[in-house]
Amino acid sequence: MEFSDVIGQHDVKDRMMKMVEEGRVPHAIMLCGPTGVGKMALAMAFASYLLTEGSRKINCNVDVENAKAMLRVWSHPDLHFTFPVIRPPKTSSDHSMESDDFAREWREMIMRGPYFTFDQWLRQMDAANQQAIIFEGESDALTRKLSLKSSQGGYKVSIVWLPEKMNAACTNKLLKLIEEPPQQTVFIMVSEEPTLILETIRSRTQRIDVRRIDTADIEEALTRLRGIDSDTAHRVARSAMGSWTKAIESLTEDGEDHEFFEMYVALMRLAYRRDLKGLKTWSDNIYSLGREKQKRMLDYFARMTRENFVYNFKNPELNYMSAEEEQFASKFARFINEANVIEISEEIEKARRAISQNANAKVLFYDFALKTIVLLIKK
């Protein structure tokens, strides 16, 4: 994994390489940003750079070519991954869960590429409705691994994916490890919700905010890596809103955005027809998605409401929709107007907030659907 494999993010890549070249690599950094912008790709590229060129700077005897060969299959003995896992059914309560319990599944995922979502990882583990966390046992295992001398004579690197998923016991132990890091050890944390991480941990890391990928970089990558024609690549890149994972999902009919689009269309059509029975069935189906997916669906609803409102201005440069979404908007957009767009958006935000606070989803979404009937007739 090299920096050239990371899509866009040129400023961050330059910054990381300068850290190594100038010999001022911090013992802990935290990459923060939304899903799909390449935080994990940057972490893996930086780790690879540290274990090759970086290690050679501190020990000229490091075999860089051998290190690169091991990194191609992610089997370098001085690179350690920490990530949320589940406790499978029938697992003994005496067993202390560690990332290594899912090492095979993790390696299968990262071998497919560094761009993936938390939901994809849950599916990889067959998590069903189980909650994935980083257990206390992981911090103990990491302490043991990092206490060993570097096997290759250079850096030791610990990539912690989604540290906000650590339980309290793990957090406290990891804090001690970061406060007194083993020699030549670098922690790379990859976070999507840094505010959920203990402040004392955040204060001991150098934070790097990873912004959304430039549309031009996504467009270029779609053309180069996926063989997409330039017109389609341009449309997909704009609607991806800076997320490579969203761009890839939009290319498949079974992608999450396509699923959310169908839910949005069904809601609006049922609300327009005032089909109460249909809306009840719709809300029951939404209930089965699970809270995290429900929140992402509502985020999509908010975006589609905004896009349909803006579509009325007849300025294509202001819209960020797929061809499928735009086709729907050509007939539906007139129903999202100055009289109701704010209220619809507020109801979506209220629903999202209520889901985060563990509201009854069946009642919540049926109520939301009924309110949509009233709001759609406003002119």
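Residues numbered from 1 in each chain as written. Predicted model: local features only at pLDDT ≥ 70, side-chain atom pairs only at ≥ 80, totals over all residues. Heavy atoms only, no water.

Peer 1: What should I look at first to understand the overall build of the chain in this one?
Peer 2: Across its full length, the chain carries 17 helices and 5 strands. Compactness check: the chain gives a C-alpha radius of gyration of 23 Å against a globular reference of 21 Å for 379 residues, within 12% of the reference. Dimensions along the principal axes, computed over C-alpha positions, put the chain at roughly 70 × 50 × 35 Å. Taking all 379 residues of the chain together, the buried fraction comes to 52%. When contacts within the chain are restricted to residue pairs at least 6 apart in sequence, long-range pairs at least 24 apart make up 74% of them. Total accessible area on the chain stands at roughly 18,700 Å², and carbon and sulfur atoms take up 49% of it. Mean positive and mean negative side-chain charge positions of the chain (53 and 56 charges, respectively) differ by 3 Å. (Helix = DSSP H or I, 4+ residues; strand = E, 2+ residues; numbered from the N terminus. Rg over C-alpha atoms; globule rule 2.2 N^0.38 Å. Buried < 20%, exposed > 50% of the residue type's maximum accessible area, 1.4 Å probe, protein only. Contact = heavy atoms within 4.5 Å. Areas by Shrake-Rupley, 256 points an atom, 1.4 Å probe, with all protein chains shown as cover. Lys, Arg positive; Asp, Glu negative; His and termini not counted. Charge placed at Lys NZ, Arg CZ, Asp CG, Glu CD.)

Peer 1: What is the right way to look at the pairing of strand β4 (residues 185-191) in this model?
Peer 2: Looking down a regular strand, the side chains alternate between one sheet face and the other. In terms of burial, β4 is largely enclosed, as 7 of its 7 residues are buried. Sheet topology note: the strand β1 (residues 28-32)/β4 ladder contains 5 bridges and is parallel. In the sheet register, Cys32 faces β4, and the bridge partner there is Ser191. Here 6 bridges tie strand β3 (residues 156-161) to β4, and the two strands are oriented parallel to one another. (Pairing = 2+ DSSP bridges.)

Peer 1: Sorry, what's going on with unusual backbone geometry here?
Peer 2: Among all residues except glycine, the phi angle is most often negative; among peptide bonds, the trans geometry is most common. We note that Trp74 has phi near 50 degrees; this positive angle belongs to a residue other than glycine. Here Trp74 shows up in the loop between α3 (64-72) and β2 (79-82). Despite not being glycine, Arg274 has its phi angle at roughly 55 degrees, a positive value. Residue placement: Arg274 occurs in the loop between α12 (256-273) and α13 (276-287). A relative accessible area of 53% means that Arg274 is categorised as exposed.

Peer 1: Help me out: how do you make sense of the packing of aromatic side chains in this one?
Peer 2: Aromatic ring pairs: the centre-centre distance and the angle between the two ring planes describe each pair. If you walk through the whole model with that rule in mind, you get 22 aromatic pairs. Aromatic side chains Phe81 and Trp106 sit 5.7 Å apart centroid to centroid with 55 degrees between the ring planes, which places their arrangement in the tilted category. With a gap of 25 residues between them, Phe81 in strand β2 and Trp106 in helix α4 (residues 103-112) connect regions that are remote in the sequence. When the ring of Tyr264 is compared with that of Phe301, the centres are 5.2 Å apart and the planes differ by 70 degrees; the resulting orientation is edge-to-face. Of this pair, Tyr264 sits in helix α12 while Phe301 sits in helix α14 (residues 291-311), and the two are 37 residues apart along the sequence. Relative accessible area serves as the criterion here: at 0%, Tyr264 is assigned to the buried category. A relative accessible area of 1% means that Phe301 is categorised as buried. Aromatic ring contacts, followed pair by pair, group Phe261, Tyr264, Tyr272, Trp282, Phe301, Phe328, Phe332, Phe335 and Phe365 into a single cluster. In this structure, Arg238 is placed above the aromatic ring of Tyr320, and the distance from its NZ or CZ to the ring centre is 4.1 Å. Looking at Lys362, its charged tip hangs above the ring of Tyr287, at a distance of 5.1 Å from the centre. (Phe/Tyr/Trp six-rings, centres within 6.5 Å; stacked < 30°, edge-to-face > 60°. Lys NZ or Arg CZ within 6 Å of the ring centre and 35° of its normal.)

Peer 1: Help me out: how do you make sense of the environment of Asp275 in this one?
Peer 2: Here Asp275 shows up in the loop between α12 and α13. On the accessibility criterion, Asp275 (26% relative accessible area) is partly exposed. Separated by 267 residues in the primary sequence, Asp275 and Gly8 have C-alpha atoms spaced 46 Å apart.

Peer 1: Mind showing me how you'd approach the pattern of salt bridges here?
Peer 2: Side-chain pairs of opposite charge can arise whenever the charged atoms involved come near each other. Inspection of every chain in the model, using the stated rule, returns 28 salt bridges. The closest approach of N and O atoms between Arg24 and Glu22, which form a salt bridge, is 2.5 Å. Ionic pairing is found between Arg353 and Glu349, a salt bridge with its closest N-O pair at 3.6 Å. Placement of both Arg353 and Glu349 in helix α16 (residues 341-356) is noted, with a separation of 4 residues, approximately one turn of the helix. (Salt bridge = Lys/Arg side-chain N within 4 Å of Asp/Glu carboxyl O.)

Peer 1: What's the story with the environment of Glu338 in this structure? I'm lost.
Peer 2: Its location among the elements puts Glu338 in the loop between α15 (323-332) and α16. The sequence separation of Glu338 and Phe309 amounts to 29 residues, and the corresponding C-alpha distance is 8.1 Å.

Peer 1: What is the right way to look at empty space enclosed by the protein in this model?
Peer 2: For the coordinates displayed, the defined rule picks out 2 cavities of 30 Å³ or more. Space inside the largest cavity adds up to approximately 120 Å³. Looking at the lining of the largest cavity, its residues break down into 9 nonpolar, 4 polar and 2 charged. If you trace the second largest cavity, you find it lined by Thr82, Ile134, Glu138, Ser139, Leu142, Val160, Met166, Cys170 and Leu174. Looking at the lining of the second largest cavity, the elements with two or more residues in it are α6 (136-147) and α7 (168-179). (1 Å grid on protein atoms, 1.4 Å probe; cavity = no way out; pocket = protein on both sides within 12 Å on 5 of 7 lines; lining within 4 Å. Points joined across faces, edges and corners; volume = space filled by probe spheres on them. Nonpolar A, V, L, I, M, F, W, Y, C, P; charged D, E, K, R; others polar.)

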